[in-house]
Amino acid sequence: MEVMSGETPTPTELLRAHGLRVTKPRLAVLGILSRGGHLEVDEITRQAREDLNSVSTQAIYDVLAALARAGLARRIEPAGSPARYEARTGDNHHHIVCRACGVIADVDCAVGSAPCLDPSQTHGFELDEAEVTYWGLCPACRALAAQD
């Protein structure tokens, strides 16, 4: 990718650098994910339709799959919740999920660098990532529970 040192690549440059065609839906989804958060497909679709006027839900699924394969988006699947997508990739961070409201926050690697944790048995695998989900109650839900 031809980007000068210190400059953040544009969404177009990111797509091209990862061998993906530049399309309006891909640019829209990259823009939505770059605003942060852990978004469900329905929310990404709603925001993309605001940007593009018309885009199918299947097109959004296809874009998200392509971005995830290319390493430009990360899919997380907290137990009991729909899949969520985020733009923070490549750093092997973890997540904390509120059991009551479902809000998700990022948690940096628990120990050292990726994969952050060493299993007791690797079965011959070369490990490069560990996925950890912490569960609990967020401050807002704890405050609500204390009022009851």
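Predicted, not measured: the structure shown is a model, and the values here were computed from it.

**Points about the overall build of the protein chain**
Phase 1: Helix and strand content of the protein chain: five helices and six strands.
Phase 2: Walking the protein chain from its N terminus toward its C terminus, one meets helices and strands in the order α-α-β-α-α-β-β-β-β-β-α.
Phase 3: Projected onto the principal axes, the alpha-carbon positions of the protein chain cover approximately 45 × 45 × 30 Å.
Phase 4: Counting only residues that meet the buried cut, the protein chain has 30% of its 148 residues in that class.
Phase 5: For the protein chain, the accessible surface area stands at approximately 9400 Å², while carbon and sulfur atoms represent 49% of it.
Phase 6: Distance between charge centroids for the protein chain: 7 Å, based on 14 positive and 20 negative side chains.

**A closer look at the nonpolar core**
Phase 1: Formed by 20 residues in total, the largest nonpolar core has its most connected members in Val29, Leu33, Ile44, Ile60, Leu64, Leu67 and Tyr85.
Phase 2: Aside from chain neighbours lying at most four places away, what touches Ile60 is Val29, Val41, Ile44, Thr45, Ala48 and Val55.

**Structural notes on the side chain of Gln47**
Phase 1: With respect to the element layout, Gln47 can be found in helix H3 (residues 41-52).
Phase 2: Beyond its immediate chain neighbours, meaning those up to four positions away, Gln47 contacts Ile32, Arg35 and Leu39.

**Describing the environment of Ala146**
Phase 1: The residue Ala146 is located in helix H5 (residues 139-147) in this model.
Phase 2: Classification of Ala146 as exposed rests on a relative accessible area of 65%.
Phase 3: Along the backbone, Ala146 and His95 are 51 residues apart, and their C-alpha atoms lie at a distance of 24 Å.

**Things to note about the state of the cysteines**
Phase 1: On inspection of all chains with the given rule, the structure shows zero disulfides.
Phase 2: Cys138 provides the cysteine sulfur closest to Cys141, a residue in no disulfide bond, and the two sulfurs are 3.6 Å apart.

**Observations concerning the confidence of the model for the protein chain**
Phase 1: For the protein chain, the average pLDDT comes to 89, and 91% of its residues sit at 70 or higher.
Phase 2: Of all secondary-structure elements in the protein chain, the lowest mean pLDDT belongs to strand S6 (residues 133-136), at 90, while helix H4 (residues 57-70) reaches the highest, 98.

**Considerations on the packing of helix H2 (residues 24-34) against H4**
Phase 1: Following both chains from N to C, one finds H2 and H4 inclined at 70 degrees, their axes separated by 10 Å at the closest point. As judged from the angle between their axes, H2 and H4 are roughly perpendicular. Seen along the crossing, H2 lies across H4 with a hand that is right-handed. Contact residues: H2 offers Pro25, Arg26, Val29, Leu30 and Leu33, while H4 offers Ile60, Val63, Leu64, Ala66 and Leu67.

**As for the environment of Thr45**
Phase 1: Relative to the elements of secondary structure, Thr45 occurs in helix H3.
Phase 2: A relative accessible area of 3% places Thr45 in the buried class.
Phase 3: If sequence neighbours within four positions are ignored, Thr45 has contacts with Thr57 and Ile60.

**Describing the sheet that holds strand S3 (residues 84-86)**
Phase 1: With antiparallel pairing, the three strands of this open sheet are ordered in space as S1-S3-S2. With one partner strand each, in any of the chains shown, strand S1 (39-40) and strand S2 (74-76) form the two edges of the open sheet.
Phase 2: Both S2 and S3 contribute to a ladder of three bridges, which runs antiparallel. Bridge assignment links Arg75 to a residue of S3, and that residue is Tyr85.

**Looking at the pattern of salt bridges**
Phase 1: Throughout the structure, instances matching the rule amount to seven salt bridges.
Phase 2: Taking the shortest distance from any N to any O, the salt bridge between Glu43 and Arg46 comes out at 2.6 Å. In this pair, Glu43 and Arg46 are both assigned in helix H3, three residues apart and thus about one turn of the helix distant.
Phase 3: The shortest N-O distance in the salt bridge between Arg46 and Glu50 comes to 2.4 Å. One end of the pair, Arg46, and the other, Glu50, are both in helix H3, four residues apart, so they sit about a helical turn from each other.
Phase 4: Judged by relative accessible area, Arg46 falls into the partly exposed class, the value being 41%.
Phase 5: Residue class for Glu50 comes out exposed when judged on its relative accessible area of 55%.
Phase 6: Residues joined by salt bridges that share partners form a network here, namely Arg88, Asp91, Asp106 and Asp108.

Here is what the cut-offs are and how they apply
Residues numbered from 1 in each chain as written. Predicted model: local features only at pLDDT ≥ 70, side-chain atom pairs only at ≥ 80, totals over all residues. Heavy atoms only, no water. Helix = DSSP H or I, 4+ residues; strand = E, 2+ residues; numbered from the N terminus. Buried < 20%, exposed > 50% of the residue type's maximum accessible area, 1.4 Å probe, protein only. Areas by Shrake-Rupley, 256 points an atom, 1.4 Å probe, with all protein chains shown as cover. Lys, Arg positive; Asp, Glu negative; His and termini not counted. Charge placed at Lys NZ, Arg CZ, Asp CG, Glu CD. Core = buried A, V, L, I, M, F, W, Y, C linked by side-chain atoms within 4.5 Å. Contact = heavy atoms within 4.5 Å. Disulfide = S-S within 2.5 Å. pLDDT = per-residue confidence, 0-100. Axes fitted to C-alpha atoms, helices over the stretch in contact; angles between N-to-C directions. Parallel < 35°, antiparallel > 145°, perpendicular 65-115°, else oblique. Left-handed = near helix turned anticlockwise from the far one by under 90°. Pairing = 2+ DSSP bridges. Salt bridge = Lys/Arg side-chain N within 4 Å of Asp/Glu carboxyl O.

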